[in-house]
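Examining the three-dimensional arrangement
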Amino acid sequence: MTDLMDTPAGHQHPLFPLPPGRTLDICTELHSAILEHRLAPGTKLSEDEVGEIYGASRTVVRAALQALAHSGMVAIEKNRGAFVAKPTVREAHEVFQARALIEPAVARMAAEAMTIEHLAQLKAHLDAEHAALHDGDMGKALALSGNFHTVIAEIADQQVLTQMVRSLISRSSLIIALYWKRADTACESHSHHALLKAFEERNGRAAEDLQKSHIIDLHSGLNLKQQPEATPSLAEALTRRG
C-alpha cells in the first residue's frame, strides 16, 4: 500500500484528506503502527499520551486522529476519546466477502497490464516480505503481505478499485490482528509466488482464480471466537520497531 508519506502535503489521499506538517507525521506513524500490529484493535489513543510521545500539542494529535478516523482505522467515541478501530464479527465476514468479489477481477486486470517493471516491483516486494519473516518481524511481514495486494491494484491502473482495495486491506489488518488463528503469516508465501507466476505469464484467468482462492483461504483462517491477547502499552507500541 502506498504510504501516507508518499503523497505530497496538500494533496488528497485516496481515503481521506491529508493533514499538513507535523500532523501528517503523527498520522503516518500511527497508521504504520496499526498496520504492523504494534497497536491492537481497541487500544485507547489518549491525546495527551500520544502528544507526549511525539512532542506535539493536543490540537495536532487530535487532527491526526480525526484524519485516521476518516479512513476507518480509528474510532472516535463521544466522551470517551479515540481508539484503534475494533471490527465486529459481521464486519470481518463482510470485508473478506468484498475482497473475494473485487480482488480477483483486479488481479485479472493487473495481469493484462503487467510490464517487466511491474514484475520487478512485485518481486522486490516479496523479497522484503521474506526478509521481514526471516528477521522474525511478523508485524512488518503482515503489513507487507497486505501491501502486496494493493500494489496489484495499482498495477491494474483502476483508481476507484485501488481506493476500495486499499480501504479493505487496512480493515483486514485490524481483523487479522483480532481474529487470525494461524501463527505464521496472513498471506502464505506460496500464494503470492503463484500469483507472481501467473503475472509473469500474463495469464489473467489464472491470476483471477488464484486470487479468489487466496482470499477465500484468508477468510477461512479467521477464528471469529478468538479473543485478543494482552497488548503492550501505548508508549511501548509506538516506540517499538521491529
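- Per an unreviewed UniProt entry, the recorded name for the protein chain is GntR family transcriptional regulator, and the organism is Roseibium limicola.

Description of helix α2 (residues 47-54)
- Among the residues of α2, Glu47, Val50, Gly51 and Tyr54 are the ones counted as buried. The arc enclosing the buried residues of α2, seen along the axis, measures out at 100°, which places them on a common side.
- Where α2 is buried, its residues touch α1 (21-35), β1 (44-45), α3 (58-71) and α10 (234-239).
- Phi for Gly55, located one or two positions after α2, is positive at around 65°.

Here we look at the sheet that holds β1
- Strand order in the open sheet formed by three strands is β1-β3-β2, and the pairing between neighbours is antiparallel. Pairing within the sheet leaves two strands with one partner each, and these edge strands are β1 and β2 (74-77).
- Both β1 and strand β3 (residues 81-84) contribute to a ladder of two bridges, which runs antiparallel. For Lys44, the partnering residue across the bridge sits in β3 and is Phe83.

Some details on unusual backbone geometry
- Look at His37: it is not a glycine, yet its phi comes out positive at around 65°.
- Mapped onto the elements, His37 comes out in the loop between α1 and β1.
- In the Ramachandran plot, Asn79 falls in the positive-phi region, its phi being about 65° despite a non-glycine side chain.
- Mapped onto the elements, Asn79 comes out in the loop between β2 and β3.
- Overall, the relative accessible area of 77% leaves Asn79 in the exposed class.

A closer look at the pairing of β2
- By the bridge criterion, four bridges tie β2 to β3 in an arrangement that is antiparallel. Bridge assignment links Val74 to a residue of β3, and that residue is Val84.

Points about the side chain of Glu47
- Tracing the backbone through its elements, the reader meets Glu47 in helix α2.
- Given the relative accessible area of 18%, Glu47 is considered buried.
- Within the structure, Glu47 has its side chain in polar contact with the side chain of Arg62 (distance 2.9 Å).
- Residues contacting Glu47, with those up to four places away along its chain left out, are Arg58, Val61, Arg62 and Leu65.

Quick notes on the rules
- Residues numbered from 1 in each chain as written.
- Predicted model: local features only at pLDDT ≥ 70, side-chain atom pairs only at ≥ 80, totals over all residues.
- Heavy atoms only, no water.
- Buried < 20%, exposed > 50% of the residue type's maximum accessible area, 1.4 Å probe, protein only.
- Helix = DSSP H or I, 4+ residues; strand = E, 2+ residues; numbered from the N terminus.
- Arc of directions from axis to C-beta.
- Contact = heavy atoms within 4.5 Å.
- Pairing = 2+ DSSP bridges.
- Polar contact = N/O pair within 3.5 Å; in protein donor to acceptor, adjacent residues only side chain to side chain.

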